[in-house]
Structures are given as C-alpha cells and as structure tokens.
Amino acid sequence: MKILTEHIDVPGIETIDVFCKHGGYQAVEKAIKKMTPDEVTEEVKKSGLRGRGGAGFPVGMKWSFLAKPEGVPRYLVCNADESEPGTFKDHYLMWKSPHTLIEGMIVSSFALGANTSYIYVRGELMYVIHILEKAIQEAYDKGYLGKNILGSGYDLDLYIQPGGGAYICGEETALLESLEGKRGNPRIKPPFPAVKGVWQCPTVVNNVESIAATSWIINHGGDSYAAIGVGRSTGTKLISASGHIRKPGVYEIPLGITVEDFIYSDEWCGGIRDGHKLKAVVAGGSSVPILSAEMILNTVDGEKRLMTYESLSDGGFATGTMLGSGGFIVMDETTCIVHNTLTFARFYHHESCGQCSPCREGTGWMDKVIYRIEHGNGRKEDIDLLVDVAKKIEGNTICPLGDAAAWPVAAAIRHFRDEFEWHIEHPELAIQPGAVYMRPGASWA
Amino acid sequence: MEVKNTIVFSAETLELVQKIMKRYPEGKHKSAILPILHLAQAEWNWCSPEVMDYIASLLSIAPVEVYEVASFYTMFHLEPVGEHVIEYCRTGPCCLMGGVEVYDHLKKRLGIQTDETTADGKFTIKEVECLAACGWGPVFQIKEKFYMQLTAEKVDQIIDELRK
Ligand SMILES: Cc1cc2nc3c(=O)[nH]c(=O)nc-3n(C[C@H](O)[C@H](O)[C@H](O)COP(=O)(O)O)c2cc1C
Ligand code: SF4
Ligand code: FES
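Just so you know, these numbers come straight off a predicted model, no measurement behind them.

J.: Can you walk me through unusual backbone geometry in this structure?
T.: Comment: phi is negative for the bulk of residues other than glycine, and the bulk of peptide bonds are trans. Cis geometry is adopted by the peptide bond preceding A:Pro191, which originates at A:Pro190 and carries an omega value of 0°. Tracing the backbone shows A:Pro191 in the loop between α8 (172–179) and β4 (203–207). The amide bond that connects B:Gly137 to the next residue, B:Pro138, takes the cis arrangement and shows omega of -5°. For B:Pro138, the position within the fold is in the loop between β2 (123–128) and β3 (140–142). Despite not being glycine, A:Trp199 shows a phi value in the positive range, around 50°. For A:Trp199, the position within the fold is in the loop between α8 and β4. On the basis of relative accessibility, which here comes to 10%, the residue A:Trp199 falls in the buried class.

As structure tokens, this is what we get:
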C-alpha cells in the first residue's frame, strides 16, 4: 500500500503535468470546491494520522487547537529541517516528488485558514529548495496557489525558507525563531505555537510527511486511511533505512509489518549485508534508544515486534524504543557501539543551543567522557558518571534536545555495558583499528 | 574567480532580495536574513564583516543582528575559505559505511586536516553533522552538490575533476 510514493519513480513526476496525470491536485480541487475547512480537518482527525516528525501527536487534534482570533493571520509552517541522524525521508520525497508536499500544503493551509504558509527546509538542501521553488511556480501558473484559488475566494501564498545549518531548528519553536530571522533558540512553552507562533500569530508546525499524507486522506477519506495499519498506528510511514543492510533507502511501509520482515524481506531492506549478522538497531533516528538484535525483533513477551508506535515502545525504555522519525539505522557485528555512541554524543554536544546548563554542560561531558573511553583513556567510574550525567539532563531542559541527547547514551550503556567495560579494561585492544568486543554467546558473535 | 573590491549585489540579485523581503508580513523583513546570507555566500564565498554589514544595511538593521545570526548557523563561513569547501558528514550512519576511512583518505590526498585550506587556495575541508543522506553514505557536500556512496577512488576522481 503506497500513498506518498506510489508514483515517485514515474519519469517527470516532478513536473505538474505528469503529476496531475497521476491524480495530482485532485485533493486541492475536492477540498476547496466541495468541502469546508472544518470538514477537511474532520477527515484528518478520522484518519488517525499522527505527526511524522518524531513525537507522533495526532495531526487533526493539533489543528483543532489552533487559535482563531478575529483579524489575526494564521500560519502553517512545514518542518523540512530534517537533521535527525538516520533520517532522510523528507529529503527523498521533496527531491523526487515536490508536488506531493505542495499539494498537501494547499489542502492543509485551507483547512487551517492560513493565507500564507512556509516550508522551512534545511539550508544544506539548497538543490531541493530549487526543485520546490520551480514546482511552486508551476502551481501558481495553474491557479492552485495565489489569489482566488479555483474561483473559491480562498487566497494562499507559499514560500520556502532556508535554514542555515542547525539541528535545533527542527524543534518547532526554534524553527519559528529562525523563521523570524533570529538565532534558533527554543522558546519556553506555553504559549504554544497554536496560540502564539511565528510573529506571535497562531501557527501550526507539521512535518513534511504529515502534510503530504493529507491529500490522500482527502481523496479517499479518513476512514480508508485509518483502515491501514494496526490500532492507533494508522496509515503508512516512510522509513529511512541506513547502515549494514543490503538495500539502504527510503521505504513506504504500511504500519504494522514486523520488524523482522522489514529488515529481512527483499521488499524492504533485503537483510544484513552478505556474510554478516544483525547486532543492533536504532529504530527511529539517533535520539531513540538503541536495541540489541534480540530486543528489536521480539518483545519481552516473545512476540514479534511490529513497526508501529506501540509495539516499538513495548517494554518502555527497559526493553523498548520508539518509532520516532523513522530513521532506521542497522548495525552488524562489526560495529563498535562505543564509537557509534560517541558520534551521537558529539552530535548533540555540537547541536545544543546552549540556553540551559544541564544540556549545554551535560552534552559536553558525555562527549568528553565517551571520547576518552573510546580512545583508551577511560576510567572505572566513567560508566556510572555517564549514567549520572544523562539522568541530570533528562527532564531538566527547555526543549526535548536534552532528552534526545541523554537517551542514546543511557540506552547504549543499558544494553551494551559490557562493551564500555571492555574498552576501559582493555584499552590496548580497544584502540586497535576495527577492534570490536564480542559478547560471548550473543546471537551476533 | 573574479575578484570584486566593493561589496554590492548585482542588479539581478538585488531584485531577488527585494522579492524575498516581500515574503514576510509588513515590517517583518528581518526574516530575510538567512536567505540573503545564502545569496551573499554564493557570491563572495564567505561572509566577511563587510558582507554582513552590507546585509545589515539592506535590511535596515544593526550589523550585530547579522553577526549574531550568522555565527549561530554552521553553514556560514566567517573566515576565508578555499574555492571548494568540502563538508563531510561525520555522524554515525555515515561512519558505519566507512566514512572515517574515506575522509582520512581525503585528508591525506589533499595534505590538510579538517578546517584547513590547501596552499593553492583550492580546497578547504570541514566536518559537518548528518546531511540527511544517511542511506547513501559516506557523503560530502561541495556547495549545493551532494557526493554520495563515496570510496577512496571516487574521492580521487572528484578531486581530479575539481583541480582541472
Ligand atoms: C531537537 C529536535 C529536533 C527536531 N527535528 C525535527 C525535524 O527535523 N523535522 C520534524 O518534522 N520535526 C522535528 N522535531 C519535532 C518538532 O518539534 C515538531 O514536533 C514536529 O515538526 C511537528 O510535526 P508533526 O506533528 O507533523 O510531527 C524536532 C524536535 C526536536 C526536539
Ligand atoms: S535543551 Fe539544549 S537545545 Fe534545548 S533549549 Fe536547552 S540548551 Fe537549547
Ligand atoms: S549520517 Fe551522514 S548523512 Fe546522515
């Protein structure tokens, strides 16, 4: 079942003519000509679509929180900052099929009563920005954007805003600060963007994939969307698969397939690269807890784990993880977990905006301590020190980047403590190029 | 590259700047700062204090407002850089695909370390974090272009091509 990527490989799909030949912009026609904004929102609510940026908050519900004071403009801002390590699905979708996002932006803006909307794209994707700008121009030329769209009296302008290289601008309030032309420092909430967003006006921020999915929902109805998936994990999800698999890439899966199928089936990742064994997976982008092979494939109750919000988090952080952004990073037995954790710790240290001391200082400490462990200078007490620092960050910061930095470190130690210990006890072995600790009896040993 | 001694956008770029400023509500044109910084860096290769002062004058804001923004975002070069800035991804997924070895080769090949520029001014190497291309790693970026699934041989070819 493909919703977002059904036609993604059709030659010329990036042009509006080919896109329309494959059913493009029908959702705009339907929404604007035949529905009221509230009816559009109602369908999205019915679909059960949850935010695809990471947190999984129901999209329709978020829309219904938007304040609508008389005479104050409202805005829709699409979050295309995509900087979470392991995640490259939005990049893929916008690059291959820009109109899929633009159509969704028009439908969603109409539902929210926004007359100006922005797509905030990370600045590194300047070539994608050019692709989107060309597509937006085509949509204006066809009358899907601009004044009096399809004779309805509804006006919408759509602009691209480039970022400048800062992961934190993916956090919605930092993104809004950045859109205002400032440093990307997250704001203290409340007020929430739905009440005071960009330029202090009510604003909805949604991920690329969330917005893109709304067109299909309008064409086929919220119930049809909700019929795909399992339980509260409805619809399809783009998964960016990277690491030691035979076929890295972006896959649109119906939520609810098993993790095992996703990794091993030829339809998806095609299994672990030849001659190697699965060791660990980071299932939802660098921020979510890493799990060992056994834990990612099966829950503690011995059931096959599914690619759903609920199943991936089954067992809490003790044995579970999160679907997150769908950045699925696969590691085989050649992977040094300490080194991988170091790159993540360095990432969060580099990307902390520095506003809160637990995050600013804590990310620095974790980076430094894991660095010395990795480089053969670890001390016995370092592992507990890391656990302690992670605990001190968690829940004590303005924005969730602090948690996002603490979780990967805490989880790596929770599930691969022996690997950290080995580095500290055998520094002379651990610093050899390519050295990896093998846990006796592990499925990947 | 042509050397300009005065910091002024071409008439064409200035027209674009005017258009960009109209994307935002009345009085909120400070939002144009990031798009304009990108235009400036494309034109002058780095954001010198003179360039930033010029942007401040275009937006009628204090120069410090441009400095504080430009220094927050990693894409803007606040020091002179070589003609080609190679920005390689150092984050986990790219490392899993052999990124560290490829970048070591790159450094050896150019005879410089990260944040250094070759003596002929042709190349600067910088480390960046995840470029949202993890499935196609190892990856580096030069200006707008992504170079993906890099190997030592591919790196050699790219360097040879750019040296021409
Ligand atoms: C540090 C940080 C980085 C984030 N990066 C992104 C991002 O790149 N893209 C994204 O859509 N959401 C990102 N988010 C989540 C956003 O804050 C926000 O929840 C999301 O854009 C809402 O869209 P959704 O409800 O459609 O998922 C990030 C959050 C945090 C805390
Ligand atoms: S948690 Fe970190 S990134 Fe978020 S506001 Fe605080 S210092 Fe900035
Ligand atoms: S880790 Fe290199 S592009 Fe994501």
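J.: Explain the pattern of salt bridges to me, please; I cannot follow it from the model alone.
T.: Two side chains with opposite charge may pair up if their charged atoms get near one another. Residues and elements named next belong to chain A. This structure, assessed with the given rule, holds 37 salt bridges over all chains. The residue Glu209 makes a salt bridge to Arg52 at a minimum N-O spacing of 3.9 Å. Of this pair, Glu209 sits in helix α9 (residues 208–220) while Arg52 sits in the loop between α3 (37–47) and α4 (59–64); the two residues are 157 residues apart in sequence, bridging distant segments of the chain. A relative accessible area of 1% means that Glu209 is categorised as buried. Across the salt bridge formed by Glu124 and Arg122, the nearest N and O atoms sit 3.1 Å from each other. For Glu124, a relative accessible area of 9% puts it in the buried group. In the salt-bridge network here, residues are joined through shared partners; they are Arg52, Lys89, Asp90, Glu209 and Lys237.

J.: Is there a simple way to explain the packing of helix α6 (residues 98–112) of chain A against helix α7 (residues 126–141) of chain A in this structure?
T.: Residue and element names in this part refer to chain A. Put simply, α6 and α7 touch, their axes get as near as 9 Å, and they point 55° apart. If you check the angle between α6 and α7, you find them oblique. The hand of the α6/α7 crossing is right-handed. Contacts from Pro98, His99, Leu101 and Ile102 in α6 reach Ile131, Leu132, Ala135, Ile136, Glu138 and Ala139 in α7.

J.: Mind showing me how you'd approach the site of ligand 2 here?
T.: Residues in close proximity to ligand 2 total 13 residues, the closest being A:Cys353, A:Cys356, A:Cys359, A:Thr397 and A:Cys399. By residue class, the composition of the shell around ligand 2 is eight nonpolar, five polar and no charged.

J.: Hey, could you run me through the sheet that holds strand β11 (residues 327–332) of chain A in this one?
T.: Strand pairing in a sheet relies on backbone hydrogen bonds, with the paired strands running either antiparallel or parallel. Residues and elements named next belong to chain A. Read across the open sheet, the five strands follow the order β8-β7-β11-β9-β10; overall the sheet is mixed. Taken across any chain shown, the strands that pair with only one partner, and hence form the sheet edges, are β8 (249–254) and β10 (290–292). Averaged over neighbouring strand pairs, the angle between their axes works out to 30° when direction is ignored. Note: strand β9 (residues 278–282) against β11, four bridges, orientation antiparallel. Residue pairing across strands places Val282 opposite Ile329, the latter belonging to β11.

J.: Explain the environment of A:Ser352 to me, please; I cannot follow it from the model alone.
T.: Residue and element names in this part refer to chain A. Relative to the helices and strands, Ser352 resides in the loop between α15 (337–351) and α16 (357–374). The buried category is assigned to Ser352, whose relative accessible area is 15%. Taking C-alpha positions, Ser352 is 23 Å from Arg52, a pair spaced 300 residues apart along the chain. Ignoring sequence-local partners within four residues, the contact set of Ser352 consists of Cys359, Arg360, Thr363 and Leu401. Here the side chain of Ser352 touches Gly354 through a polar contact of 3.2 Å, landing on its backbone nitrogen.

J.: Would you mind going over the domain arrangement of chain A with me for this structure?
T.: By a frequent convention, interface size equals the accessible area lost on bringing the separate parts together. Residue and element names in this part refer to chain A. Annotation of chain A at the domain level lists domain 1 (16–227), domain 2 (230–332) and domain 3 (337–430). Taking the mean C-alpha position of each, domain 1 and domain 3 sit 35 Å from one another. Across the boundary between the two partners, domain 1 contributes 12 residues, which contact 11 residues of domain 3. For the pair domain 1 and domain 3, the summed buried surface comes to about 860 Å²; carbon and sulfur atoms form 72% of the total. Together, Pro85, Tyr167 and Ile168 form the three largest contributors to the area buried by domain 1 at its contact with domain 3, with a combined 52%. Counting the contacts that link domain 1 with domain 3 gives zero salt bridges. Where domain 1 packs against domain 3, one counts two residue pairs in polar contact (both at pLDDT 80 or more). By residue class, the composition of the side of domain 1 that touches domain 3 is six nonpolar, three polar and three charged.

What counts, and at which threshold
Residues numbered from 1 in each chain as written. Chains lettered and ligands numbered in written order. Predicted model: local features only at pLDDT ≥ 70, side-chain atom pairs only at ≥ 80, totals over all residues. Heavy atoms only, no water. Helix = DSSP H or I, 4+ residues; strand = E, 2+ residues; numbered from the N terminus. Buried < 20%, exposed > 50% of the residue type's maximum accessible area, 1.4 Å probe, protein only. Salt bridge = Lys/Arg side-chain N within 4 Å of Asp/Glu carboxyl O. Axes fitted to C-alpha atoms, helices over the stretch in contact; angles between N-to-C directions. Parallel < 35°, antiparallel > 145°, perpendicular 65-115°, else oblique. Left-handed = near helix turned anticlockwise from the far one by under 90°. Contact = heavy atoms within 4.5 Å. Near = heavy atom within 4 Å. Nonpolar A, V, L, I, M, F, W, Y, C, P; charged D, E, K, R; others polar. Pairing = 2+ DSSP bridges. Polar contact = N/O pair within 3.5 Å; in protein donor to acceptor, adjacent residues only side chain to side chain. Domains from an automatic or database assignment. Buried area = accessible area lost by both parts, 1.4 Å probe.

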